[in-house]
Amino acid sequence: MMKKSNILSSPVKKVKTDYFTGQVKLHEISGITKPREHDMYHVIFKKSARTKLHYHTGGQLLIVTKGNGSLVLYNKKNRGVSKFKISKTGTINLNVGDTVYIPAKILHTHGSVKNNQVFSHIALNFYPKKGTKPQTVWFESDLRTTVTGKIH
């Protein structure tokens, strides 16, 4: 059955503050529309808030809806599971209307780049295989060279 939702009035999902730097509001769109291929969120980052370092078990598509932000990509330098070295491999500036696809298991962070401005995007987190919900794996890091542990 087809269901309709609105990104501005979808239910707010409680966010784990450990996953972000700063204040973030998360509207869970897929809680109403109930797709079988992805989860969908409207994520609002306030005053230079960002995600901490993470990756998804399935791909992720971001669609910018407000403000200026960035996506920063990282490469894992050694085999550690919860403690390892990283290097920044690129920064992509994000503006209203921009879309970017992040393949599964790519370490990254995204969010606002301006202290006095809200940045928001739609995030579609694709199921890695049919019927398997996507997972996000979060890390504590200095966002330069070192990951110090997983965030549970």
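The written sequence of each chain sets the order in which its residues are numbered from 1. For a predicted model such as this one, the threshold for reporting local features is a pLDDT of at least 70, and the threshold for listing and counting side-chain atom pairs is 80 or more; totals across whole chains, interfaces and linings nevertheless cover every residue. Excluding hydrogens and water, the side-chain figures rest on all heavy atoms present in the structure.

### Structural notes on the layout of surface pockets
A probe matching the size of a water molecule, rolled over the atoms, marks out where space remains unfilled. Think of a 1 Å grid over just the protein atoms. A cavity is a set of points where a 1.4 Å probe fits yet cannot get out, a pocket is an open set with protein on both sides within 12 Å along at least five of seven lines, and lining residues have an atom within 4 Å of a point. Grid points are joined across faces, edges and corners, and a volume is the space filled by probe spheres set on the points. The computed volume of the largest pocket comes to approximately 490 Å³. As for the largest pocket, its lining consists of 24 residues, and the residues nearest its centre are L26, Y41, N125, T136 and W138. Of all the elements in the fold, those that place two or more residues in the lining of the largest pocket are β4 (38-45), β6 (54-56), β12 (119-126) and β13 (136-141). Looking at the lining of the largest pocket element by element, the count peaks at 4 residues for β4. The volume enclosed by the second largest pocket comes to roughly 210 Å³. Taken together, 14 residues line the second largest pocket, and the ones lying closest to its centre are Y55, K76, K105, I106 and L107. Put simply, DSSP H or I for four residues or longer makes a helix, DSSP E for two residues or longer makes a strand, and each gets a number counted from the N terminus. Looking at the lining of the second largest pocket, the elements that each hand over two or more residues are β8 (68-76) and β9 (84-95). For the lining of the second largest pocket, the leading source of residues is β8, giving 4 residues.

### Describing the sheet that holds β4
In short, DSSP must find at least two bridges between two strands for them to pair. What the 6 strands build is an open sheet, ordered β1-β3-β4-β12-β7-β10; its pairing is antiparallel. Whereas interior strands pair on both sides, the edge strands pair on one side only; in this sheet they are β1 (12-13) and β10 (99-102). The sheet contact formed by β1 and strand β3 (residues 24-28) spans 2 bridges and is antiparallel. When the sheet's bridge partners are listed, V12 is paired in β3 with H27.

### What about the nonpolar core?
Membership of the largest hydrophobic core comes to 19 residues, with the highest contact counts inside it found for F20, V24, V43, F45 and L94. For this core, the secondary structure elements donating two or more residues are β3, β4, β7 (60-66), β10 and β12. For this core, the leading source of residues is β4, giving 3 residues. Here the nonpolar core consists of buried residues drawn from Ala, Val, Leu, Ile, Met, Phe, Trp, Tyr and Cys, with membership extended through side-chain atoms lying within 4.5 Å. Only protein chains enter the accessibility calculation, which uses a 1.4 Å probe; a residue whose area is less than 20% of its type maximum is buried, one above 50% is exposed, and one in between is partly exposed. Among the nonpolar cores identified, the runner-up in size contains 9 residues, and F84, I86, V137 and V147 belong to it.

### Observations concerning the packing of aromatic side chains
The rule is short: rings of Phe, Tyr and Trp, with Trp giving its six-membered ring, pair when the centres are within 6.5 Å, and they are stacked under 30 degrees, edge-to-face over 60, tilted in between. Applying the stated criterion across every chain, the model contains 7 aromatic pairs. Note on F20 and W138: the rings are 5.7 Å apart at their centroids and 55° apart in plane angle, and the pair reads as tilted. Within this pair, whereas F20 is found in strand β2 (residues 20-21), its partner W138 is found in strand β13, the two being separated by 118 residues in sequence. With respect to burial, F20 and W138 carry one shared label: buried. Clustering of aromatic rings is evident, with ring pairs tying together Y19, F20, F45, F119 and W138. Counting as a charge over the ring demands two things of the Lys NZ or Arg CZ atom: a distance within 6 Å of the ring centre and an angle within 35 degrees of the ring normal. Looking at K76, its charged tip hangs above the ring of F84, at a distance of 4.5 Å from the centre.

### Points about the pattern of salt bridges
Criterion for a salt bridge: a side-chain nitrogen of Lys or Arg within 4 Å of a carboxyl oxygen of Asp or Glu. All told, the structure shown has 2 salt bridges when counted by the stated rule. Among the ionic pairs, D39 bridges to K133, the shortest N-O distance being 3.0 Å. In this pair, D39 sits in strand β4 while K133 sits in the loop between β12 and β13, placing the two residues 94 residues apart along the sequence.

### Focus: the pairing of β12
β12 sits mainly inside the fold: 7 of its 8 residues count as buried. Here β4 pairs with β12 via 8 bridges, running antiparallel. Bridge pairing in β12 places D39 opposite N125.

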